[in-house]
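# Descriptive analysis of the structure
One letter stands for each residue in the lines below.
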Amino acid sequence: MGIKDLIPTLKGIQKPCNVSVYSGKTVAIDGYCWLHQAAYYCALELVQFGINGPGRDKFVASCKQKLEMVIKAGVRPLLVFDGNRLTMKQGVEVERGRNREEARRKADEYARAGDMARAERYYNMAIDITPELANCFIRELTKANIEFYVAPYEADAQLAYLFKNNYVQAVVTEDSDLLAFGVTDVLFKMDRSGHGIRIDTAELNTLPEFVGFKNDMLLYACILSGCDYLESIKGVGLKKARQLVKDSGADIGAILRKIR
C-alpha cells in the first residue's frame with residue numbers, strides 16, 4: 001500500500017499538524033485506513049469470533065471516537081470506502097491473502113503456547129477488513145447523517161477526484177498513493193487526538209532534489225519506482241526514478257530508452 005520510500009523522501013516538507021487546522025472545511029477521509037486502525041484494538045476477537053463476536057462493538061466504538069473527534073475540531077468529514085478489488089492488483093491481493101493465512105497460523109500457535117503478546121501481534125497481521133465489517137461502521141455513519149461514498153474499486157481515485165474538483169480541501173489517509181494521484185494537501189498518521197503529519201506538495205520545489213518537478217513528474221517517478229499496479233523495474237528505486245524523470249523532462253520515450 002503506497003509508494004515505497006516516498007514519505008521519507010519528502011521529509012523536508014513534512015509538518016506536525018492537528019486536524020483542527022482544517023476547521024470550517026470539508027476533509028475527505030480514507031475510510032479503510034480508519035477501519036484497519038480500529039481493528040488493531042480488537043484483532044484477536046475479530047479473527048477468532050468474527051463480526052458477531054465481542055470485537056464488533058469495540059471496533060465500531062473506535063471508529064466513532066475518531067469521527068467524533070474530527071467533528072469536534074470543526075471539520076466536516078466525508079468518508080470514502082473501498083469497493084470492489086481491482087483485477088490488475090490480483091497478484092498483490094493473493095499475496096496479502098497468503099500473508100494473512102500465515103499470520104493466523106502463527107497467531108494460533110502462540111495463543112496455544114500462552115504467549116498472548118506475540119499472538120496479538122500476529123492476529124493484527126491476520127485481520128481482513130471485509131465489506132461486512134466495514135458495513136458495521138457505515139451503518140453508524142448513516143444514523144449520524146455523515147456523508148460517505150463507497151468507491152467502485154479502491155478509494156484513491158475518488159478521494160483524488162473530490163480534492164481536485166474542490167469538494168474537499170484535504171485528505172486524511174495512510175496511503176502515499178494519494179500524493180501520486182495529485183492530492184497536494186494530505187494529513188498522514190492522524191492519531192486519536194487528531195495529531196498527524198501534513199504534507200503539502202505545493203512546497204515540493206523547495207526540496208533540492210525536486211526543483212522543477214510538477215505533479216505529473218512526481219506521478220511518473222512513483223510509477224517507475226514500482227507500485228501495487230506494476231512490478232518494479234529491476235534496479236530502479238524512487239531515487240533513480242526521480243532522476244530519470246528530471247533528466248528527461250518527463251519525456252516517457254526518453255525515459256524508456258535510458259532504462260533499456
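Attention here is on the structure that accompanies the text. Everything numeric in this text was worked out from a predicted model, so none of it was measured.

Let's shift gears to the pattern of salt bridges. Scanning the entire structure with this criterion turns up 11 salt bridges. Between Glu-45 and Lys-58 there is a salt bridge, with the nearest N and O atoms lying 2.9 Å from each other. Of the two residues, Glu-45 is situated in helix H3 (residues 43–49) and Lys-58 in helix H4 (residues 55–72); the sequence distance between them amounts to 13 residues. Using a relative accessible area of 18% as the deciding quantity, one classes Glu-45 as buried. According to the relative accessible area criterion, Lys-58 is partly exposed, its value standing at 39%. With a shortest N-O distance of 2.6 Å, Arg-105 and Glu-109 are connected by a salt bridge. Taken together, the residues span about one helical turn, with Arg-105 and Glu-109 both in helix H5 (residues 90–112) at a distance of 4 residues. The exposure class assigned to Arg-105 is partly exposed, which follows from its relative accessible area of 38%. Because the salt bridges share partners, they merge into one network encompassing Lys-64, Glu-140 and Lys-143.

For the rest of this paragraph, the subject is the side chain of Arg-242. Topologically, Arg-242 is positioned in helix H11 (residues 238–248). One buried charged residue, Arg-242, remains without a salt bridge, the closest side chain of opposite sign being Glu-209 at 4.8 Å. In this structure, Arg-242 is in contact with Thr-9, Glu-209, Phe-210, Phe-213 and Ala-221, ignoring residues within four places of it in sequence.

This next bit is on H11. Residues of H11 that are buried: Leu-238, Ala-241, Arg-242, Leu-244, Val-245 and Ser-248. Each buried residue of H11 sits inside an arc of 160° when the element is viewed along its axis, so together they form one side.

Turning our eyes to something else, we now look at unusual backbone geometry. At Asp-5, a position not held by glycine, the phi torsion is positive, near 70°. You can see Asp-5 is positioned in the segment before helix H1 (6–9). Positive phi is not limited to glycine here, since Asn-145 has a value of about 60°. Structurally, Asn-145 is set in the loop between helix H7 (131–143) and strand E4 (148–150). Residue classification places Asn-145 among the exposed positions, given a relative accessible area of 70%.

Cut-offs applied
Residues numbered from 1 in each chain as written. Predicted model: local features only at pLDDT ≥ 70, side-chain atom pairs only at ≥ 80, totals over all residues. Heavy atoms only, no water. Salt bridge = Lys/Arg side-chain N within 4 Å of Asp/Glu carboxyl O. Helix = DSSP H or I, 4+ residues; strand = E, 2+ residues; numbered from the N terminus. Buried < 20%, exposed > 50% of the residue type's maximum accessible area, 1.4 Å probe, protein only. Lys, Arg positive; Asp, Glu negative; His and termini not counted. Contact = heavy atoms within 4.5 Å. Arc of directions from axis to C-beta.

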